[in-house]
Structures are given as C-alpha cells and as structure tokens.
Amino acid sequence: MGDAPVMVPRIKLGSQRLEVSALGLGCMGMSAYYGPPKPESDMIALIHHAIASGVTLFDTSDIYGPHTNEILVGKAVQGEVREKVQVATKFGIVAGVNEIRGDPAYVRAACEDSLKRLGVDCIDLYYQHRIDTRVPIEVTVSELKKLVEEGKIKYIGLSEASASTIRRAHAVHPITAVQLEWSLWSRDVEAEIIPTCRELGIGIVAYSPLGRGFLSSGPNLVSTLSDQDFRKDLPRFQPENIKKNAKIFEQVNAMATRKGCTPSQLALAWVHNQGSDVCPIPGTTKVENFNNNVAALSVNLTPEDMVELESYASSDIQGDRYHEFLNTWKDSETPPVSTWKAE
C-alpha cells in the first residue's frame, strides 16, 4: 500500500470522553454519489491503510448506496481492528422518497438496521443526518438517549442542524459532535453554529473540507466527473458559477506553491487550524490522496497565513451548496415539544 505516512494524532471530540484521530475518513465516495462504486477489496485495503496510519474515525450513513457503504465499512472494521476505531453512521434520510424522518419508531428501526449492516454490537457515534422539521428535536433525541442507555450507541451527533436545534437537543442529552460542511468556500456556519458548539462543549466534524474536490483540482475538476457524479448537478459546479469561483482556487494554488504544499493540503490545513475541537473527514478512494491529506497535518500556518487565506474566500462564492429541495441546517427548526402527540 506504499509507505505509511506520519501517524495521525488524537483529539478529544466533544466533552463526553470521545477521543478520535485528528483526521477522519469520509467513506461515502467509495460506494455512492461520486461515480460508480469502487472495488470492495481496494476500499477495504484503503481503510486498513488509514487505520495503520492512525486514523480511527470512519464516517458512513445508511443512505450511502443506500446501505452498501455501511456493509463495506462493517467488513473493514471486523476482527481485531474493531477496538481501535470509531464507526460513525447516520439516519434520517429515507432512501428513494426524498423524505426526512426523526420519529421514535423510525430512529429505533434505522439504528437496528445499521447495527446489522455494520456487523457491530454498538455504533460509536450516531448522527441524525438531517433534521425532521415535523418532529420536535426533543422527541428524536429522547429516543436516541434510550438507545444509549441500551448500549446500542455510545455517543449522539447531529448533522446540518441549526444553532437553536443543537441547543434544544443538547438539553435532552449531551450532543457529542455536530457534523457540518466547513471549508474555505463554505463558511456560513461560523456565524452561529460553530460558536454554539463551542459554548456547549460539542465537537465539530467538518465534511467536504476540500470543497468536494474543488479546492484540490479547481475548475478542471468538473470535466473529470463521471455522469453518475452528483457534483455535476450542484449549483456551485455549474459553468456560470465555476468560472467565477475559479479565482479562489487560483489564489489558494499560488499560496500553496509558495509554501511548498498542494492546494488541497493548504485548504485542509486551514480547517485543522480552526482548533483542536475540529476533525475534518475528507473522503478519498486513493491511497495517494489519503497520504497527501495526512501530510496536511504538517503544514504550518501563521496567523498571517490564515488571514490571507480567508481574504481569498471572503469574496462571494457563486452558487448554493445544495439544491433548494435538499434539507440543510438553514431550515432545521422543529415544532415545540408540547405539540407532539405520541402515536
């Protein structure tokens, strides 16, 4: 598998005693959304290489595939490596119907199904993938709390939740981590969500820290994507927007050249430098790219470097992160718990 990179250090994620590697591995692209599924044996070998490099946090979801990515990750963490890793998975996006669910019966059924697919007795970190705006967040988290008490999950997380939703959830049971999109070209979470997490002692897991590959390859990325790659349809990757967004990549690339690293390493180092409570989870299907991501931990950024990098991204990024029909933190308010009638 090539030379093993420098061992990835550990960080404390949140204030409930969960310790993970400072860099995680997002596994989605191995099975779904970024083109055809990759060969299972190669992906298991990549996960094992990541474990040998000190990575402990592996991120999946029941919707990836759907279901096939959990099965893949489950196979990769069987046996003696199971005790060395934390498996994070998610529930809430119902496959095939574009529906979000957070009702207790669904939460429990989804957890049981994920446990079976992963082949584990307990899920280390279980996220609500998207917020069901029809169900009070207190109701969803109360069911997750029961699953913790039953030993089926260890820690609770939220993904793409608003600051007020995080606060209400945390009042029911400590939230260990919030997963959100955070990179040089997705910074709107810095206004309310990041400060809320820090006030409450909640760890931050940054997905797409490389701008879904844009901060690695720039506008040329689009021409390399397969027809099955969902990035082709995202607003930021449309011709009129990618042309305007190219400027940020050009500036990052120029600074990376000066610092003797790749643009992706510079962009990832920026996320690492946000604090010791942040764990980015870049996805990859190639050992070479994985090793390059680990090397970002060795890129030193001065306060002046950080200011310069942020000045590149302060110009308006063209296009939304997702299409309007995809639920994100922007609309994750839920009804008051007093309105809920249990079925």
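A brief look at the structure comes next. Just so it is clear, the structure is predicted and the values come from calculations on it, not from any experiment.

## Focus: the environment of Val-299
Then comes step 1: Of note, Val-299 is situated in the loop between α11 (287-295) and α12 (303-313).
Then comes step 2: With relative accessibility at 13%, the residue Val-299 sits in the buried group.
Then comes step 3: For the pair Val-299 and Gln-265, spaced 34 residues apart in sequence, the C-alpha to C-alpha distance is 7.3 Å.
Then comes step 4: Here Val-299 is in contact with Cys-261, Gln-265, Ala-269 and Asn-273, once residues within four sequence places are set aside.

## A word on empty space enclosed by the protein
Then comes step 1: This model, assessed by the stated rule, comprises one cavity of 30 Å³ or more.
Then comes step 2: Reported here for the largest cavity is a volume of approximately 50 Å³.
Then comes step 3: Lining the largest cavity, in full, are Glu-181, Trp-185, Gly-211, Arg-212, Leu-234, Arg-236, Phe-237 and Arg-321.

## Examining helix α10 (residues 263-272)
Then comes step 1: The buried count for α10 comes to ten of ten residues, which makes it a mostly enclosed element.
Then comes step 2: Along α10, the residues classified as buried are Pro-263, Ser-264, Gln-265, Leu-266, Ala-267, Leu-268, Ala-269, Trp-270, Val-271 and His-272.
Then comes step 3: Here the buried face of α10 lies against β11 (203-207), α7 (214-217), α9 (239-259), β12 (278-280), α11 and α12.

Criteria and thresholds
- Residues numbered from 1 in each chain as written.
- Predicted model: local features only at pLDDT ≥ 70, side-chain atom pairs only at ≥ 80, totals over all residues.
- Heavy atoms only, no water.
- Helix = DSSP H or I, 4+ residues; strand = E, 2+ residues; numbered from the N terminus.
- Buried < 20%, exposed > 50% of the residue type's maximum accessible area, 1.4 Å probe, protein only.
- Contact = heavy atoms within 4.5 Å.
- 1 Å grid on protein atoms, 1.4 Å probe; cavity = no way out; pocket = protein on both sides within 12 Å on 5 of 7 lines; lining within 4 Å.
- Points joined across faces, edges and corners; volume = space filled by probe spheres on them.

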